[in-house]
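Structural overview
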Amino acid sequence: MLTNAQTSLYPAVALQCLMGILLVIVAWPVMYRLGGSRGAVLGTVFLCFDPLVVLHQNLILTEALYLLIFTKALVAALLYLDDPSLYRAAVAGVGLGLAALIKPTALVVGGLFILISFKDWKKALWLAVFTFSIPGLWVVRNWNHTGFPVYTVQGNFTLLQYTAAGAMALDTGRQREDVLKELEAPLISEASTTGVVPLSLAYKRKAVAVIRQHSVATLHYMAMGAVRVLGGTGLEMVVDLFKSQSVREKESLASPELQISGSGTWALLKAYPLLIPLQGMYMVFLLGGYALFVKGLRDLFQSGQWRLAALAAASVILILVISTIPGGYYRLRLPMMPFLALGIAAATRKKSQFFIRSNERQLH
Amino acid sequence: MKLRPPNGILALAIGVYGAMFFLALRTPSNLVKTDSQTYLLLAENLRTHHVFSTATTASWTRMCTGFPGILST
């Protein structure tokens, strides 16, 4: 029997599914320009029909909205670099700013775009003004409420709760949750007398001390997170699609592995052997995508479009590193998908049309 | 430059995302994950109390730790 609360979510789900269709329309022109018709098909299919993207489209999460806004901003920013106009700067900057309000990694990408547009300072200035306007207002809002000009303090909490506690757990052979309770206990007792920003700074100080003490385990923890981000498949979401109750909720008590490993891939494959071929096919899809992405970067470098290649490579690496802080989770791969798709589109063509206009201008 | 995706790709998108919508109708309880509950609370507080807050009592402390898109801890 459906509750009113559940049925009231349907308009949101319908809107998100519509966003999935819009993503195809938004991504296609830039993929076509970069890789011709074959490259556009490959890039668009990788970006819009990756099972992880599709599976997140009907959930009450921010992934669908983020991916659409971020891709639109990315397309506008690339076109702006190629052929600048105030309109494109506004669409790119405001889009990146909005995306940064959903996931702060978008701000890192905005910074990279500004860096590679520095050849022409006016171009960089306009992009910076539009990109930082919305996040800047958020900082002012937080300053007003807390007395500190902060963008977010979530990272400071996460650093202790995941990276530091995870590294210590690896070194001591205990559960992360137990280690975290021990680390947080003195901080929580101070929490009532201090504000959220000083508390977050205390979390950060403690996290840095733990990370210094367990530096090798921290690298180990981050490497495991990177593998989860790059290879996580979200199989429980596939099972959830056809079950009345979330498989994670239903089976996490019976199988502790589901709680420990995040995606719990092995536990799920054992419980549902029919998923094994699906998992295999997805791994081939993913590995093929990564191989094409690397080839695309090489082709872009060789055809003189090193700025675009450097932007895509740096964005993927930075997003990957940031994603490992909260322990790495397959969902955190989604922000790097547009860059992977751009590389894949470029891999099918030796000389794409991007930046050709500006290159020609320089030649003449 | 071809601005519009080919009909085949568009039809595929409509098919795939339409199917996702109908699957969501079949198992509505799975639409809400752990993070979704935080987002729904934020939305409800914004709608009824005009405050971006995860508070469930009348203090309505404004949330400054993060944005809606960050994984809840």
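Residues numbered from 1 in each chain as written. Chains lettered and ligands numbered in written order. Predicted model: local features only at pLDDT ≥ 70, side-chain atom pairs only at ≥ 80, totals over all residues. Heavy atoms only, no water.

Comments concerning the nonpolar core
For clarity, the threshold we go by: Only buried Ala, Val, Leu, Ile, Met, Phe, Trp, Tyr and Cys residues count toward a nonpolar core, and they belong to the same one when joined by side-chain atoms within 4.5 Å. Each residue's exposure class comes from its accessible area (1.4 Å probe, protein chains only) as a fraction of the maximum for that residue type: buried when under 20%, exposed when over 50%, partly exposed otherwise. Under the scheme used here, helices are H or I runs from DSSP no shorter than 4 residues and strands are E runs no shorter than 2 residues, and both carry numbers assigned from the N terminus. Working rule for contacts: check all heavy atoms of both residues, and any pair within 4.5 Å makes them a contact.
Membership of the largest hydrophobic core comes to 110 residues, with the highest contact counts inside it found for Met31, Phe113 and Phe339 of chain A together with Tyr17 of chain B. The element that contributes the greatest number of residues to this core is helix H2 (residues 10-48) of chain A, accounting for 17 residues. What Met31 of chain A contacts, discounting residues up to four positions off in sequence, is Gly36, Gly39, Ala40, Gly43, Thr44, Leu47, Pro338, Ala341, Leu342 and Ala345 of chain A. If you look at the next biggest cluster of nonpolar residues, it comprises 19 residues, including Val150, Val153, Val179 and Tyr203 of chain A.

Re a nonpolar patch on the surface
Residues and elements named next belong to chain A. Selection rule: The residues that make up patches have over 30% relative accessible area and no salt bridge, and they are joined within 9 Å when like-charged or within 5 Å when they are Val, Leu, Ile, Met, Phe, Trp or Tyr. We get accessible surface area from the Shrake-Rupley algorithm with a probe of 1.4 Å; when it comes to residues, only the shown protein chains can shield them. Salt bridge, as used here: a side-chain nitrogen of Lys or Arg that lies within 4 Å of a carboxyl oxygen of Asp or Glu.
A surface patch of nonpolar side chains, about 540 Å² in accessible area, is lined by Leu86, Trp121, Leu125, Trp126 and Val129. In terms of residues, the nonpolar patch owes the most to one element, helix H7 (residues 121-146), which gives four residues. Look at Trp126 and you get partly exposed, because its relative accessible area is 38%.

Quick word on the interface of chain A and chain B
Here is the rule: Put simply, buried area is how much 1.4 Å-probe accessible surface two parts lose in total, over both of them, once they are put together. We define a polar contact as two N or O atoms separated by no more than 3.5 Å, with the added condition that, inside protein, one atom must be a possible hydrogen donor and the other a possible acceptor, whereas residues neighbouring each other in sequence contribute only through side-chain atom pairs. For this classification, the nonpolar set comprises Ala, Val, Leu, Ile, Met, Phe, Trp, Tyr, Cys and Pro, the charged set comprises Asp, Glu, Lys and Arg, and every other residue, Gly included, is treated as polar.
Taken together, the 57 residues of chain A in the interface contact 43 residues of chain B. With both chains or domains summed, chain A and chain B bury close to 4600 Å², and 71% of this area falls on carbon and sulfur atoms. When the buried surface of chain A facing chain B is broken down by residue, Trp28, Phe49 and Gln154 of chain A rank first, second and third, together holding 13% of it. Seen at the junction of chain A and chain B, the total is two salt bridges. Between Asp240 of chain A and Lys33 of chain B there is a salt bridge, and its shortest N-O distance comes to 2.7 Å. The tally of links between chain A and chain B comes to nine residue pairs in polar contact (both at pLDDT 80 or more). Of all elements in the fold, only H2, helix H3 (51-56), helix H5 (86-102), H7, helix H8 (154-172) and helix H12 (235-241) of chain A reach the threshold of two or more residues within the side of chain A that touches chain B. In terms of residue count, H2 of chain A provides more of the side of chain A that touches chain B than any other element does, 16 residues in total. Among the residues forming the side of chain A that touches chain B, the class breakdown is 35 nonpolar, 16 polar and six charged.

Looking at the packing of helix H4 (residues 63-82) of chain A against helix H6 (residues 105-116) of chain A
Residue and element names in this part refer to chain A. Our working definition: All axes here are fitted lines through C-alpha atoms, helices being fitted over the stretch that makes contact, and every angle between N-to-C directions spans 0 to 180 degrees. Angular relationships are summarised with four words: roughly parallel below 35 degrees, roughly antiparallel beyond 145, roughly perpendicular across 65 to 115, and oblique for the angles in between.
Across the interface, H4 lies against H6 with an axial gap of 11 Å and an inter-helix angle of 5 degrees. In terms of axis orientation, H4 runs roughly parallel to H6. Facing Tyr66, Phe70, Leu74, Ala77, Leu78 and Leu81 of H4, the residues of H6 in contact are Thr105, Ala106, Val109, Phe113 and Ile116. The class makeup of the residues in the contact of H4 with H6 is ten nonpolar, one polar and no charged.

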